[in-house]
Amino acid sequence: MTRTAELMRAIRGPVVLITLGALLLADRFSGVPVTKSWPVLLIVFGLMKLLERTAGAPGAGGEARYQG
Amino acid sequence: MRRGSLAGPLLLIVIGVVFLLRNIRPDLPLFELFVTWWPALLIAWGALRIVELAASYVRQRPLPRAGISGGEWALIILITIASMSIWSAKRWSQELPGKIRIGGVEVFGEAFDYPVSDQTVAAAAKGRLVIENARGNTRIAGVEGTEVKVMARKSIRALDREAADRAAAAAEVQVKRDGDNVRVTHGRDTPDGARVSVDLEITAPRGSSVEFRGKYGDLEVKDIEGEVICDSENAGVRLESIGGRARVNLRRSDIIRALKVKGDIEIKGRGRDIEVEDAAGSVSIEGTWSGETILRRVARAVRFESSRTEIRAGALPGEMRLSLSQLMMTRVSGPLSIRAETKDVQLADVTDTITLDVDRGDIEIRQPRPELGRINAGTRSGDVELALPPGVRFSLTATTERGEVTNEYDTRLKLEQDERKGVLTGATGPGPEIRLETRRGRVLLRKLTPAEVSSLLGRPPQAPPPPEPPKAVNQ
């Protein structure tokens, strides 16, 4: 697994968290309820997975893994 | 060994600062700010982790497997659920008048009671009492004498004793005479968040009139010979033994009761239940009422108007019960007209013409007296039943577009029934016209049994209390 792929995997959580925060703020101020906009979270999650793949195939082995 | 993220300590610092500021400067709307902007905290948290991870990446440090650990996710979910519920509770409470401000004095404040010395002023025998009480309950009773006496109890909710003292000083209960008027007022809510509520107990000369303006709090008026006017955002109202007319205008109310009012009663607004008994004048009700409306013994015209129901009756010696799904009227005199959307209607002993039009609902009319008025009753969907004592003379047209017509009254009436449609026409003698109609449902014409007739007439109809001779001078 390349280092870029590892980074992509690591920032997946924070990116989803930021999206969640943005959706909640949108709920508050622009009136798009979270109950409607939640699929955005899935899309973001999927995009991050995709980026991870393109950055380097996972499971190549060799490198040490660190528990987060 | 991996260093922990900065997010944890920073979060602790933020929470600590928020609570510290709350304790030092309680007037800052920090809690409100937090409730509004907490999703920004989530974004900041995520951004911070990305910066940290990017730094580790650039410095060739080992990267964690997940940017945000399971424990952190659990914490985030917990915060989200807690904040969302506060949000929705807040939103919900904002829709209510007399709202509960979360984090305001209602939750964090303390209640302080202040004694108010009784005040007495001389008043005209038939003067006007004007009361402005924004928050708190008000009771007014008419007594013999020529004085207005005001007893008050002030209760203030505030964050500390000092703020309460300031608010108490600002909200002085004032009783002032101005010509024939006596005004009872007190200061408004003070701006620094204390909430003043004043309970007033007032006795006034019996001949007075009452004008009440309030926002939140109940009103009770008893033994007053003049008129009563009530205007409030949210109040329960109880009127008893009023000599003049009563006008009640409310934006919200749980119950309005008017007993023994001699003048006309006019109720407007929104609320739940209404109860009127022994009214010597007319009763007019307008607005949206979600509970039950009960009228008993109204000597003059009755008018009820809402977006879905319209009722007019000449007078109501008996009773009317109206709820969202049902209307029952017994002993109505004068012409009765009803227009309703969805309601089951039951009428008994109406001594004049009936005009009834319902969109959806069953109709049942029982007329125990042989002398009959014209009846015109129709529903789009529902059963229609008319019951009369034997031997009444009338001419009839009863139709159903889809259903069955049953004649249990008189064989002289002609019945045409095919698979879908049924028509019953004919006359039993010269008499009033009766028209019954339903698009979908059964029609039944039947005889009242002697037992039913006597039970409907059995209790002799109670006469309304005789209207007292009008007072010579009464405002």
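Everything below is about the structure shown above.
The following paragraphs examine the structure supplied in this document.

Rules and cut-offs
Residues numbered from 1 in each chain as written. Chains lettered and ligands numbered in written order. Predicted model: local features only at pLDDT ≥ 70, side-chain atom pairs only at ≥ 80, totals over all residues. Helix = DSSP H or I, 4+ residues; strand = E, 2+ residues; numbered from the N terminus. Buried ≥ 20, exposed ≤ 12 C-beta atoms within 10 Å, placed from the backbone. Contact = placed C-beta atoms within 7 Å. Core = buried A, V, L, I, M, F, W, Y, C linked by C-beta atoms within 7 Å. Expected span 1.5 Å × (residues − 1). Pairing = 2+ DSSP bridges. Nonpolar A, V, L, I, M, F, W, Y, C, P; charged D, E, K, R; others polar.

### Describing the overall build of chain B
Each helix and strand counted, chain B has 6 helices and 32 strands in total. Scored against the burial criterion, the 475 residues of chain B give a buried share of 34%. Pairs at least 24 residues apart make up 46% of the contacts formed inside chain B by residues separated by at least 6 positions.

### So, the environment of S455(B)
Mapped onto the elements, S455(B) comes out in helix α6 (residues 450-458). Residues S455(B) and P368(B), spaced 87 residues apart in sequence, show a C-alpha to C-alpha distance of 9.2 Å.

### Points about unusual backbone geometry
Among all residues save glycine, negative phi is the norm, and among peptide bonds the norm is trans. Residue and element names in this part refer to chain B. Positive phi, close to 60°, is recorded for Q60, a residue that is not glycine. Positioned with a positive phi, D278 is a non-glycine residue whose angle comes to about 55°. Looking at where D278 falls in the secondary structure, it is placed in strand β16 (residues 273-279).

### What to know about the environment of T293(B)
Residue and element names in this part refer to chain B. Within the secondary structure layout, T293 lies in strand β18 (residues 293-298). You can call T293 buried: it has 23 C-beta atoms within 10 Å. Spatially, the C-alpha atoms of T293 and L324 are 9.5 Å apart, while their sequence positions differ by 31 residues. Once residues within four sequence positions are removed from consideration, T293 is found in contact with I274, I285, F304 and L322.

### Here's the deal with the nonpolar core
Among the nonpolar cores identified, the biggest contains 98 residues, and A167(B), A279(B) and V298(B) are the most heavily contacted of them. Ranked by size, the runner-up nonpolar core spans 18 residues in total, among them M8(A), V15(A), L24(A) and W45(B).

### Quick notes on helix α3 (residues 39-55) of chain A
Over its 17 residues, α3(A) runs 24 Å from end to end, which matches the ideal 24 Å to within 8%, given 1.5 Å per residue. Trailing α3(A) by a residue or two, G56(A) shows a phi angle of about 160°, which is positive.

### Notes on the pairing of strand β1 (residues 110-115) of chain B
On a regular strand, each side chain points to the face opposite its neighbour's, so the side chains alternate between the two faces of the sheet. Residue and element names in this part refer to chain B. Sparse coverage of β1 is indicated by the burial of 0 of its 6 residues. Relative to strand β5 (residues 147-158), β1 runs antiparallel, the two sharing 6 bridges. Bridge pairing in β5 places P115 opposite R153.

### A closer look at the interface of chain A and chain B
Opposite the 21 residues of chain A that make contact, chain B presents 22 residues. Partitioned by chemical class, the residues of the side of chain A that touches chain B number 12 nonpolar, 4 polar and 5 charged.

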